[in-house]
Amino acid sequence: MFGLGKYRTPFGKWLDSHRKTSVEFAKESGVHRQTIDSMAGEKGYAPRQTTINKVLKAAKKVDPKATYEKLFPPM
């Protein structure tokens, strides 16, 4: 169920590789589930910087090597 047959951004691929659902990660990060879904599967989605900061903080708890450049490379 993790990323089957749908477009995934690098952040979405990272979620899939760490076996996290958008619901689980939303609870951990304090960001709404729909925002996580958009960040993981929509080309060109641009969240606010405060949202990105919350996501990065939660991502570093799961994977200390997670960086902005890995999860949100320029498109």
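Residues numbered from 1 in each chain as written. Predicted model: local features only at pLDDT ≥ 70, side-chain atom pairs only at ≥ 80, totals over all residues. Heavy atoms only, no water.

## Remarks on the overall build of the chain
Helices and strands together make up the secondary structure of the chain, namely five helices and zero strands. Of the regular secondary structure in the chain, the N- to C-terminal order runs α-α-α-α-α. For 75 residues, the compact-globule estimate of 2.2 N^0.38 gives 11 Å, and the C-alpha radius of gyration of the chain, at 11 Å, lies within 12% of that figure. Counting only C-alpha atoms and orienting by the principal axes, one finds that the chain spans roughly 30 × 25 × 25 Å. The contacts of the chain with a sequence gap of at least 6 include a subset with a gap of at least 24, amounting to 51%. With an accessible surface of roughly 5,000 Å², the chain has 53% of that area assigned to carbon and sulfur atoms. One way to put it: in the chain the 15 positive side-chain charges average out to a point 2 Å from where the 7 negative ones average out. (Helix = DSSP H or I, 4+ residues; strand = E, 2+ residues; numbered from the N terminus. Rg over C-alpha atoms; globule rule 2.2 N^0.38 Å. Contact = heavy atoms within 4.5 Å. Areas by Shrake-Rupley, 256 points an atom, 1.4 Å probe, with all protein chains shown as cover. Lys, Arg positive; Asp, Glu negative; His and termini not counted. Charge placed at Lys NZ, Arg CZ, Asp CG, Glu CD.)

## Thoughts on the environment of Pro10
The residue Pro10 is located in helix H1 (residues 10-17) in this model. Classification of Pro10 by relative accessible area gives partly exposed; the value is 28%. C-alpha of Pro10 to C-alpha of Lys70: the two residues are 60 residues apart in sequence and 7.1 Å apart in space. With near-sequence residues (within four places) excluded, Pro10 lies in contact with Lys70, Leu71, Pro73 and Met75. (Buried < 20%, exposed > 50% of the residue type's maximum accessible area, 1.4 Å probe, protein only.)

## Concerning the pattern of salt bridges
Per the stated rule, a full pass over the model turns up three salt bridges. The residue Arg8 makes a salt bridge to Asp16 at a minimum N-O spacing of 3.0 Å. The class of Arg8 is buried, set by a relative accessible area of 16%. For Asp16, a relative accessible area of 14% corresponds to the buried category. The salt bridge partner of Glu28 is Lys20, with a shortest N-O separation of 2.7 Å. Owing to a relative accessible area of 39%, Glu28 belongs among the partly exposed residues under this scheme. With a relative accessible area of 18%, Lys20 lands in the buried category. (Salt bridge = Lys/Arg side-chain N within 4 Å of Asp/Glu carboxyl O.)

## Comments concerning the packing of helix H2 (residues 22-29) against helix H3 (residues 33-41)
Working note: a packed helix pair is described by the angle between its axes plus the distance between those axes. Relative to each other, H2 and H3 sit at 115°, their axes nearing to 8 Å. Seen along the crossing, H2 lies across H3 with a hand that is right-handed. Across the interface between the two elements, Ser22, Val23, Phe25, Ala26 and Ser29 of H2 pack against Arg33, Ile36 and Asp37 of H3. Considered class by class, the residues forming the contact of H2 with H3 number four nonpolar, two polar and two charged. (Axes fitted to C-alpha atoms, helices over the stretch in contact; angles between N-to-C directions. Left-handed = near helix turned anticlockwise from the far one by under 90°. Nonpolar A, V, L, I, M, F, W, Y, C, P; charged D, E, K, R; others polar.)

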